[in-house]
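A closer look at the structure
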Amino acid sequence: MSLPQAVDLLISGGSLVDGSGQPARPGTVACLDGRLHLGDAAWQPAAARVIDAGGQVVAPGFIDLHSHGGLVILADPRHEPKVRQGVTTEVIGVDGNGYVPFHDHDDLLAFVDLNAGLDGRPAIDYDWSSVASYLGRYDRGQSVNVAVMIGNSALRIGAIGWDDAAADRAALANMRAALREAMEEGAFGITSGLDYPPGSYASTDELAALTAEVAGHGGFYHTHVRYELGDRFLDPFREAIEIGRRGGGPVHLTHFYHRQTHPGSPERLLALVDDARAAGADVTFDTYPSEWAATKLVIQLPQWVQAGGPSALKQRIADRGTRQRLREELAVRGAAYTSAAGWADVRLGAFTQPDLLRWESRSLADVMRETGRDAVDAICDLLLAENLGVAQVTSGPWSETLPHFIRHPIGMVGTDSTFLGAKPSPRTYGSFPRILGQFVRDERLLSLEEAVRKMTSAPAARLGIEDRGLLRDGYAADVVVFDPARVRSNATYDEPRRHPDGIEQVVVNGELVVDGGSHTGALPGRALRHGRR
Ligand SMILES: [Zn+2]
């Protein structure tokens, strides 16, 4: 390709880490009409804007394989927590909890309510039903691109309803047909979140059938596994790998990590992936580099309480008999689930009711102590008062074993970013810079080139995006410029809403969305379509 003589944006003098894993090299990157052109360090076309990237790294924009930004981004399209990290594309519709397709509008609104503590309940027009209309919402512009996955909960609600019922042949055919249409409209695959009803009511075989459907269209199965299964350590991941085997499709284990309370070693978890790959399976994973997990408080309730959807759930948890049964189940689960000490680890957030705002960023143990309620009454009363929209942050990955996952050659990054409450998990603002600052520069756990590959070309390949994830002529112009000496996360458990240092410029589809470390207000992102440029 011959180089253009005039370009929109020129980034010169930087060290190119092109996403392939190859060693950094000097070079010039130009953007013209949203596409990249690469030249040597001496190339100097006319440019509307020139960025001197001396001393900086120039890399493809980062791709996040797990984001809860799907709804909040429609209300706040600047999406600053993510673009300030260098994220230019994120995967939404994760954990089985996608908001499309919904052909019954009441079902869509009920599903938003059920997940309000996880994905938020922003005041937007919920005016889509098909995947095509939903993707169109993201084409109106936000600061990042989105790749939409289909959650199996939506398919199940459409075909079976909200109950804990098996899929018969007709329901399975219905779900597969909806999924086929979704893939043809541009979805990237199917997700599950097997702690989250109603998608969690799906059997291994049902999920294998959905995996087979997306695999036939070049898609993949992205799973938050069934953590309660079997030994609660390896068995949940064995089921995921088995789903891929039976369905004949690729499997991606999302937020794959080692918890301090797990019975075995991280090597045994990673050996599952290595062994499956050695046997020919296409298995990959992502990890978030943070010790703090986050989800909705509803997850504390057993799945039978949630059957039938949010109205049935709210009726049950208002009932004294149901609460008594919950108490008995918690007693069986052990002391950590009955004493205030165990609940001190659950930090609450996202309150909206004036009389509950005092609990923002406080623990469930605080609520129990200061209101004289036990755990069951505290959880149920808070959920009812907030129409289920309460978020929680708890301890997650174990610091000591996170490096095993971060440096594993098959591992990628999924921030699992949630955006609710005063204090979300620090992973929301800090994931990519923490890897570049702490794990690459300070601890030398992996090379910069390898880390960037895991953030760019590896996830692009997993998604099947053919024109992003590398600095290559003709690729989409998603670029991040950062200072390798200064890049660092500033987000902590106590102060999680701090932006990172050292991410200087972020370019999405050829437009600067971060410039000099500040958001420009530009909204050039759109919905990507699988199989299309
Ligand atoms: Zn998640």
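Now for a quick tour of the structure. (Residues numbered from 1 in each chain as written. Predicted model: local features only at pLDDT ≥ 70, side-chain atom pairs only at ≥ 80, totals over all residues. Heavy atoms only, no water.)

1. What to know about the nonpolar core
For clarity, the threshold we go by: Throughout, nonpolar core names a set of buried Ala, Val, Leu, Ile, Met, Phe, Trp, Tyr and Cys residues whose side chains join them through atoms within 4.5 Å. Burial classes: relative accessible area under 20% of the type maximum marks a residue as buried, over 50% as exposed, and values in between as partly exposed (1.4 Å probe, protein chains only).
By size, the foremost hydrophobic cluster in this structure holds 117 residues, and its most contacted members are Trp128, Leu253 and Phe482. Counting 18 residues, the second largest nonpolar core, distinct from the first, contains Leu16, Cys31, Leu38 and Val479.

2. What to know about the packing of aromatic side chains
Short version of the rule: Aromatic pairs are defined between Phe, Tyr and Trp rings, using the six-membered ring for Trp, whenever the two ring centres lie within 6.5 Å; interplanar angles under 30 degrees are classed as stacked, those over 60 as edge-to-face, and all others as tilted. Secondary structure follows DSSP: runs of H or I at least 4 residues long count as helices, runs of E at least 2 residues long count as strands, and numbering of each begins at the N terminus.
In this structure the tally under the stated criterion is 15 aromatic pairs. Judged by centre distance (5.7 Å) and plane angle (50°), the rings of Tyr126 and Trp128 are tilted. In terms of burial, Tyr126 and Trp128 fall into one category: buried. Summarising the aromatic geometry, the rings of Phe237 and Phe256 are spaced 4.8 Å apart at their centres and angled 70° between planes, so their arrangement reads as edge-to-face. Of this pair, Phe237 sits in helix H9 (residues 235–247) while Phe256 is found in the loop between strand E12 (251–253) and helix H10 (266–278), placing the two residues 19 residues apart along the sequence. What links up through ring pairs into an aromatic cluster is the set Tyr227, Phe237, Phe256, Phe285 and Phe405.

3. Description of the layout of surface pockets
The condition is simple: For cavity detection a 1 Å grid was placed over the protein atoms alone, and a set of points counts as a cavity when a 1.4 Å probe fits there but cannot get out; an open set counts as a pocket when protein lies on both sides within 12 Å along at least five of seven lines, with lining residues being those that have an atom within 4 Å of a point. Grid points are joined across faces, edges and corners, and a volume is the space filled by probe spheres set on the points. Three classes are used, and their members are as follows: Ala, Val, Leu, Ile, Met, Phe, Trp, Tyr, Cys and Pro are nonpolar, Asp, Glu, Lys and Arg are charged, and the others, Gly among them, are polar.
As a volume, the largest pocket reaches approximately 1,500 Å³. Lining the largest pocket are 46 residues, and of these Glu228, Arg259, Gln300, Arg333 and Tyr337 sit closest to its centre. For the lining of the largest pocket, the secondary structure elements donating two or more residues are strand E14 (292–296), helix H11 (303–306), helix H13 (320–333), helix H14 (340–343) and strand E16 (391–395). For the lining of the largest pocket, the element with the most residues is E14, which contributes four residues. Here the lining of the largest pocket is built from residues that sort into 19 nonpolar, 16 polar and 11 charged.

4. Here we look at the sheet that holds strand E9 (residues 150–151)
How we decide: Strands are treated as partners if at least two bridges between them are detected by DSSP.
Spatial ordering of the open sheet is given by E9-E10-E11-E12-E13-E17, a layout of six strands whose pairing is parallel. Either end of the sheet is taken by a strand with one partner, and the two such strands are E9 and strand E17 (411–413).

5. So, the pattern of salt bridges
The criterion, for reference: The term salt bridge refers to a pairing of a side-chain nitrogen on Lys or Arg with a carboxyl oxygen on Asp or Glu at a separation within 4 Å.
In this structure the tally under the stated criterion is 37 salt bridges. Measuring nitrogen to oxygen at the nearest pair gives 2.8 Å for the salt bridge that ties Asp381 to Arg323. Placement of the pair is Asp381 in helix H16 (residues 375–385) and Arg323 in helix H13, with a sequence separation of 58 residues. For Glu504, the salt bridge goes to Arg486, with nearest N and O atoms at 2.4 Å.

6. Brief notes about the sheet that holds E16
The test is simple: With axes taken as lines fitted to C-alpha atoms, and helix axes fitted only over the stretch in contact, angles between N-to-C directions fall between 0 and 180 degrees.
Spatially, three strands are ordered E14-E16-E15 in an open sheet, and the strand pairing comes out antiparallel. Two strands bound the open sheet, and with one partner strand each, they are E14 and strand E15 (347–349). Averaged over all adjacent pairs, the angle separating strand axes in this sheet is 25°, with direction ignored.

Interpretation note: all reported values are geometric properties and have no functional meaning in isolation.
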